[in-house]
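Architecture and fold: a report
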Amino acid sequence: AQSVTQLDSHVSVSEGTPVLLRCNYSSSYSPSLFWYVQHPNKGLQLLLKYTSAATLVKGINGFEAEFKKSETSFHLTKPSAHMSDAAEYFCVVPRGDKLIFGTGTRLQVFP
Amino acid sequence: EAQVTQNPRYLITVTGKKLTVTCSQNMNHEYMSWYRQDPGLGLRQIYYSMNVEVTDKGDVPEGYKVSRKEKRNFPLILESPSPNQTSLYFCASSSLGSSYNEQFFGPGTRLTVL
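Here's a quick rundown of the structure. (Residues numbered from 1 in each chain as written. Chains lettered and ligands numbered in written order. Predicted model: local features only at pLDDT ≥ 70, side-chain atom pairs only at ≥ 80, totals over all residues. Heavy atoms only, no water.)

Description of the interface of chain B and chain A
- Contacts between chain B and chain A engage 24 residues on the former and 23 residues on the latter.
- Summed over both partners, the interface of chain B with chain A comes to about 1,800 Å²; 51% of that surface belongs to carbon and sulfur atoms.
- Between the two partners, chain B and chain A, sit 2 salt bridges.
- Among the salt bridges present, the one from Asp59(B) reaches Lys98(A), with a minimum N-O distance of 3.7 Å.
- Linking chain B with chain A are 5 residue pairs in polar contact (both at pLDDT 80 or more). (Contact = heavy atoms within 4.5 Å. Buried area = accessible area lost by both parts, 1.4 Å probe. Salt bridge = Lys/Arg side-chain N within 4 Å of Asp/Glu carboxyl O. Polar contact = N/O pair within 3.5 Å; in protein donor to acceptor, adjacent residues only side chain to side chain.)

Rendered as structure tokens:
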């Protein structure tokens with residue numbers, strides 16, 4: 001059955017340094033995969049979506065993710081963190097008509 | 001403005017007192033869903049609906065009911081709330097009756113059951 005594992009519950013970076021949020025998926029086939037972001041006291045917003053058209057997916061706010069089938073990974077990256085990136089990030093995989101969320105990674109950005 | 005609205009945003013209640021959390025979307029979406037968010041567990045799907053009069057259980061449906069009488073509304077009903085249902089609840093919707101499309105989330109309802 002499809003599932004996702006977010007490898008870090010917290011990540012801290014300094015403003016201007018790269019961001020890496022890790023996600024591994026478990027699936028018997030190449031799934032669709034999503035990254036959502038939740039800013040404090042807000043609902044979730046789609047960052048980007050992989051649907052097998054291209055392995056490198058660009059999203060909003062300068063984020064991108066690369067689908068690597070050999071590593072069953074879909075890590076989220078950004079070259080240079082901004083204070084406004086501080087939020088919780090969720091890796092998500094559909095399972096039939098349902099959505100399976102990872103446990104989330106809280107990103108802290110220090111000045 | 002395209003949006004998903006939830007009411008109330010905050011609710012404190014007591015064990016056993018029936019409550020309803022409303023969810024409404026103005027995007028004519030077929031797919032609607034309820035999630036609960038708990039620390040360290042991410043979001044877990046409670047119920048979802050592919051269209052009017054079509055609902056199905058998610059991963060944590062126990063203690064909850066839903067209905068989908070109109071396309072825009074998808075209320076979540078707790079017939080007899082218990083303290084373990086204290087959580088942050090999100091409603092979401094998407095087009096084309098599928099979980100593979102972008103989900104639009106409401107602002108959340110923070111529920112405390114004493």
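Alright, that's what it looks like, and here's the rest.
Considering the layout of surface pockets
- Its boundaries defined by the atoms lining it, the largest pocket holds a volume of some 600 Å³.
- Lining the largest pocket are 28 residues; nearest its centre among them are Glu88(A), Arg106(A), Gln37(B), Leu88(B) and Arg110(B).
- The set of elements that each furnish at least two residues to the lining of the largest pocket consists of β10 (87-95) of chain A together with β4 (31-38), β9 (87-94) and β11 (109-113) of chain B.
- Ala2(B), Gln3(B), Val4(B), Phe105(B) and Gly106(B) are the residues nearest the centre of the second largest pocket, which is lined by 17 residues in total.
- Considering every element that reaches the lining of the second largest pocket, the biggest residue donor is strand β6 (residues 44-50) of chain A, with 3 residues.
- Looking at side-chain class alone, the lining of the second largest pocket contains 8 nonpolar, 6 polar and 3 charged residues. (1 Å grid on protein atoms, 1.4 Å probe; cavity = no way out; pocket = protein on both sides within 12 Å on 5 of 7 lines; lining within 4 Å. Points joined across faces, edges and corners; volume = space filled by probe spheres on them. Helix = DSSP H or I, 4+ residues; strand = E, 2+ residues; numbered from the N terminus. Nonpolar A, V, L, I, M, F, W, Y, C, P; charged D, E, K, R; others polar.)

Observations concerning the packing of aromatic side chains
All names here are of chain A.
- Counted by the stated rule, this structure contains 14 aromatic pairs over all chains.
- Ring centres of Tyr-36 and Phe-101 lie 6.4 Å apart, and the angle between their planes is 40°; this geometry places the pair in the tilted category. Here Phe-101 lies in strand β11 (residues 98-101) and Tyr-36 lies in strand β5 (residues 33-38), a separation of 65 residues in the sequence. A single burial state applies to Tyr-36 and to Phe-101, both of which are buried.
- Consider the rings of Tyr-50 and Phe-67, whose centres lie 4.1 Å apart with planes at 10°: the pair is stacked. Pair noted here: Tyr-50 is in strand β6 and Phe-67 is in strand β8 (residues 64-68), with a separation of 17 residues, a long-range link.
- Owing to a relative accessible area of 4%, Tyr-50 belongs among the buried residues under this scheme. (Phe/Tyr/Trp six-rings, centres within 6.5 Å; stacked < 30°, edge-to-face > 60°. Buried < 20%, exposed > 50% of the residue type's maximum accessible area, 1.4 Å probe, protein only.)

Focus on the sheet that holds strand β8 (residues 76-78) of chain B
Residue and element names in this part refer to chain B.
- Taken in spatial order, the 4 strands of this open sheet run β1-β3-β8-β7, and their pairing is antiparallel. The open sheet has two free edges, formed respectively by β1 (4-7) and β7 (65-66), since each of these has just one partner strand.
- Sheet analysis places β1 next to strand β3 (residues 19-25), joined by 4 bridges and oriented antiparallel. Bridge pairing in β3 places Val-4 opposite Gln-25. (Pairing = 2+ DSSP bridges.)

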